[in-house]
Amino acid sequence: MKFQPDRSDAQTISGYGPGWIGIDGERLTASVVVGSRGQRQPWNCTRFEDLTPEHFAQLAELDTELIVFGSGARNRFPPPAWLQPLMARRIGLETMDTQAACRTYNILAGEGRNVVAALLLETTP
């Protein structure tokens, strides 16, 4: 039996570390929203405490079945009321620290799922 490496047309998170995320070999140093269907846009926040309901309303406008929310260096949950726009569109949200979100996004995108990762890269003031 011959094995072939899995190939995916989805954007892949190729690495991460303190203050950066690599997407398809490009090193990003700011929070980002990346999707398996080619979406990539800045996510204007640098600390979990700076998130607002508008950040999650922005995510609800994306054409996706699931959002993997990377909440920074540790796992933190947004207030449930902020998720109402996502629930109204029947978009799932999974919350985890940003490193776990990167790994989870890659697995789901590699399976061909329509998934978006909203990745918070925290910077010190």
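About the criteria used
- Residues numbered from 1 in each chain as written.
- Predicted model: local features only at pLDDT ≥ 70, side-chain atom pairs only at ≥ 80, totals over all residues.
- Heavy atoms only, no water.
- Pairing = 2+ DSSP bridges.
- Helix = DSSP H or I, 4+ residues; strand = E, 2+ residues; numbered from the N terminus.
- Axes fitted to C-alpha atoms, helices over the stretch in contact; angles between N-to-C directions.
- Contact = heavy atoms within 4.5 Å.
- Polar contact = N/O pair within 3.5 Å; in protein donor to acceptor, adjacent residues only side chain to side chain.
- 1 Å grid on protein atoms, 1.4 Å probe; cavity = no way out; pocket = protein on both sides within 12 Å on 5 of 7 lines; lining within 4 Å.
- Points joined across faces, edges and corners; volume = space filled by probe spheres on them.
- Nonpolar A, V, L, I, M, F, W, Y, C, P; charged D, E, K, R; others polar.
- Buried < 20%, exposed > 50% of the residue type's maximum accessible area, 1.4 Å probe, protein only.

Colleague: Can you lay out the sheet that holds strand β1 (residues 13-17) for me, pointing to particular residues and giving the numbers?
Modeller: The three strands are arranged β1-β2-β3 in an open sheet whose pairing can be described as antiparallel. Unpaired on one side and paired on the other, β1 and β3 (26-28) mark the two borders of the sheet. Averaged over all adjacent pairs, the angle separating strand axes in this sheet is 20°, with direction ignored. This element, helix α3 (residues 98-110), spans β1 and β2 (20-23) of the sheet and lies at about 170° to β1.

Colleague: So, the environment of tyrosine 16: which residues are in play, and what are the values?
Modeller: With respect to the secondary-structure elements, tyrosine 16 resides in strand β1. In the structure, tyrosine 16 is positioned 12 residues away from leucine 28 in sequence and 9.2 Å away in space, judged by C-alpha atoms. Each residue touching tyrosine 16, except ones within four places of it in the same chain, is listed here: Ile21, Gln99, Cys102 and Arg103. Engagement of the side chain of tyrosine 16 in a polar contact is seen with the side chain of arginine 103, the distance being 2.8 Å.

Colleague: Any chance you could break down the layout of surface pockets for me, citing the residues and the numbers?
Modeller: There is about 210 Å³ of room inside the largest pocket. In terms of lining residues, the largest pocket is bounded by 14 residues, among which Gly17, Gly72, Ala73, Thr98 and Gln99 are the most central. At the level of elements, β1, β2 and α3 are the ones that each hand at least two residues to the lining of the largest pocket. When its residues are assigned to classes, the lining of the largest pocket shows seven nonpolar, five polar and two charged.

Colleague: I'd like a rundown of unusual backbone geometry, residues and numbers included.
Modeller: Of note, the phi angle at aspartate 24 is positive, near 50°, even though the residue is not glycine. Within the secondary structure, aspartate 24 is located in the loop between β2 and β3. In this structure, arginine 90 takes a positive phi of about 60° despite not being glycine. Examined against the element boundaries, arginine 90 turns out to sit in the loop between α2 (84-88) and β7 (92-96). In this structure arginine 90 comes out as exposed when scored by relative accessible area, which is 76%.

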